[in-house]
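So you can see what is in the structure, the chains are spelled out below.
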Amino acid sequence: MTVAARPDHEVAATAIAEAFTAARRAGKALPHYPGAIPDTLADAYAIQEKAIALWARPIAGWKIGRIATPALQARHAEERLAGPIFASSVLVAPAGERIDFPVFAGGFAAVEAEFVIRVARDADPAKTEWTVEEAAAIVGTMYGGIETAGSPLKTINDLGPTVVVSDFGNNSGLILGPEIQDWRARRFDELACASHVAGREAGSGFATSVPGGPLPALRFLLEHCARRGRPLTAGQYVSTGAATGIHEIAAGEDARIVFPGYGEILCRAVAAMPEDA
């Protein structure tokens, strides 16, 4: 028997989604989580869906994050989480030039070096189980990129994965960098990257720093999005996970993300402006 959602639960979820989207539009921070913290990932994704509807913009792809600890993974029976990347927040980094991206003053902001997949064809909407090999076959292009993680809520990562999920997966945008043209001929443990923030090396790693590498992450997302009725479509981007860590950044600071043998991304965080400014 299907149990209908409680009206008070729906009202609370809508209020949380409204608070986050309003803060994002205003470019302002939130002093605290705007409601009761969701108990389950299902509750958190329900809030995310409400926020997607309120944001009312085309989805250009999805970010994948890692649930931080084994205890939280066991509690939620999941190792990863997802959030939408909107078309208006996708930037292409010009070679050799710095590109600016917005951050919420007083909120959370970070840069994450990622290997980004562009999907070559529509996924079968009825297919909810994928192998890694099937996931590999749907990949068109791979790039070095940056997930610009961001939220109006500074403590978003401290409050756990359900809070992260409820605010677009703590995503603020995506910066596309150099194409990894020969990725199919390389081992993922050969694809390196390094992050520098404010002139200091913040972290280094490989495509395999994300457990299993980009393809198991893509497999997770294909199944996850199919179950949500949002199957991946041709041209969408998938940011597969932080390969050098999560590196906080403040307005006015520069970052440099290097993908040895392929190129680099130069960027600067700037304060987000209200949408009507």
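Going by the structure above, here's the rest.
Residues numbered from 1 in each chain as written. Predicted model: local features only at pLDDT ≥ 70, side-chain atom pairs only at ≥ 80, totals over all residues. Heavy atoms only, no water.

A.B. asks: Describe the overall build of the chain, with residues and values.
C.D. replies: Along the chain, the regular secondary structure elements total 6 helices and 13 strands. In terms of overall size, the chain behaves like a compact globule, its C-alpha atoms giving a radius of gyration of 18 Å where 277 residues would be expected to give roughly 19 Å. Residues classed as buried in the chain amount to 49% of the 277 residues present. Sequence separation of 24 or more characterises 76% of the internal contacts of the chain that already satisfy a separation of 6 or more. Per element, the accessible surface of the chain, about 12200 Å² overall, is 54% carbon and sulfur. Seen as two clouds, the 25 positive and the 32 negative side-chain charges of the chain have centres 1 Å apart. (Helix = DSSP H or I, 4+ residues; strand = E, 2+ residues; numbered from the N terminus. Rg over C-alpha atoms; globule rule 2.2 N^0.38 Å. Buried < 20%, exposed > 50% of the residue type's maximum accessible area, 1.4 Å probe, protein only. Contact = heavy atoms within 4.5 Å. Areas by Shrake-Rupley, 256 points an atom, 1.4 Å probe, with all protein chains shown as cover. Lys, Arg positive; Asp, Glu negative; His and termini not counted. Charge placed at Lys NZ, Arg CZ, Asp CG, Glu CD.)

A.B. asks: Now, about unusual backbone geometry: what can you tell me, with residues and values included?
C.D. replies: In this structure, Ala 56 takes a positive phi of about 55° despite not being glycine. Tracing the backbone shows Ala 56 in the loop between helix H2 (41-55) and strand E1 (59-66). Owing to a relative accessible area of 62%, Ala 56 belongs among the exposed residues under this scheme. Although it is not a glycine, Ala 77 sits at a positive phi angle of roughly 55°. Of note, Ala 77 is situated in the loop between helix H3 (70-76) and strand E2 (80-86). Residue classification places Ala 77 among the exposed residues on the basis of a relative accessible area of 68%.

A.B. asks: Any details on the sheet that holds strand E4 (residues 98-103)? Residues and values, ideally.
C.D. replies: Pairing between the strands of a sheet comes from backbone hydrogen bonds, and it takes one of two forms, parallel or antiparallel. Read across the sheet, 5 strands follow the order E4-E13-E12-E8-E9 without closing on themselves; strand pairing throughout is mixed. Only two strands of the sheet have a single partner each, and these edge strands are E4 and strand E9 (200-206). On average, each strand axis in the sheet is inclined to that of its neighbour by 25°, with strand direction left out of account. Here strand E8 (residues 192-197) runs beside E9; their pairing, made up of 6 bridges, is antiparallel. (Pairing = 2+ DSSP bridges. Axes fitted to C-alpha atoms, helices over the stretch in contact; angles between N-to-C directions.)

A.B. asks: Explain the packing of aromatic side chains to me, using residue names and the numbers behind them.
C.D. replies: Enumeration over the complete set of coordinates arrives at 7 aromatic pairs. Taking the centre distance of 6.3 Å and the plane angle of 55° together, the rings of Trp 55 and Phe 86 count as tilted. Within this pair, whereas Trp 55 is found in helix H2, its partner Phe 86 is found in strand E2, the two being separated by 31 residues in sequence. Each of the two residues, Trp 55 as well as Phe 86, counts as buried. (Phe/Tyr/Trp six-rings, centres within 6.5 Å; stacked < 30°, edge-to-face > 60°.)

A.B. asks: Pulling in residues and values, what's your account of the pairing of E1?
C.D. replies: In terms of burial, E1 is a largely internal element, 7 of the 8 residues being buried. Here E1 runs beside strand E10 (residues 237-239); their pairing, made up of 3 bridges, is parallel. When the sheet's bridge partners are listed, Gly 61 is paired in E10 with Tyr 237.

A.B. asks: So what's going on with H2? Residues and values would help.
C.D. replies: With 15 residues, H2 extends 20 Å between its outermost C-alpha atoms, agreeing within 8% with the 21 Å of an ideal straight helix rising 1.5 Å per residue. Turning to H2, its buried residues are Leu 41, Ala 44, Tyr 45, Ile 47, Gln 48, Ala 51, Ile 52 and Trp 55. Looking down the long axis of H2, one finds its buried residues gathered within 155° of arc, a one-sided arrangement. Within H2, the exposed residues directed more than 90 degrees away from the buried face are Ala 42 and Ala 53. With its phi angle positive at about 55°, Ala 56 sits one or two positions after the end of H2. (Expected span 1.5 Å × (residues − 1). Arc of directions from axis to C-beta.)

No statement about biological role is implied by the geometric values presented.
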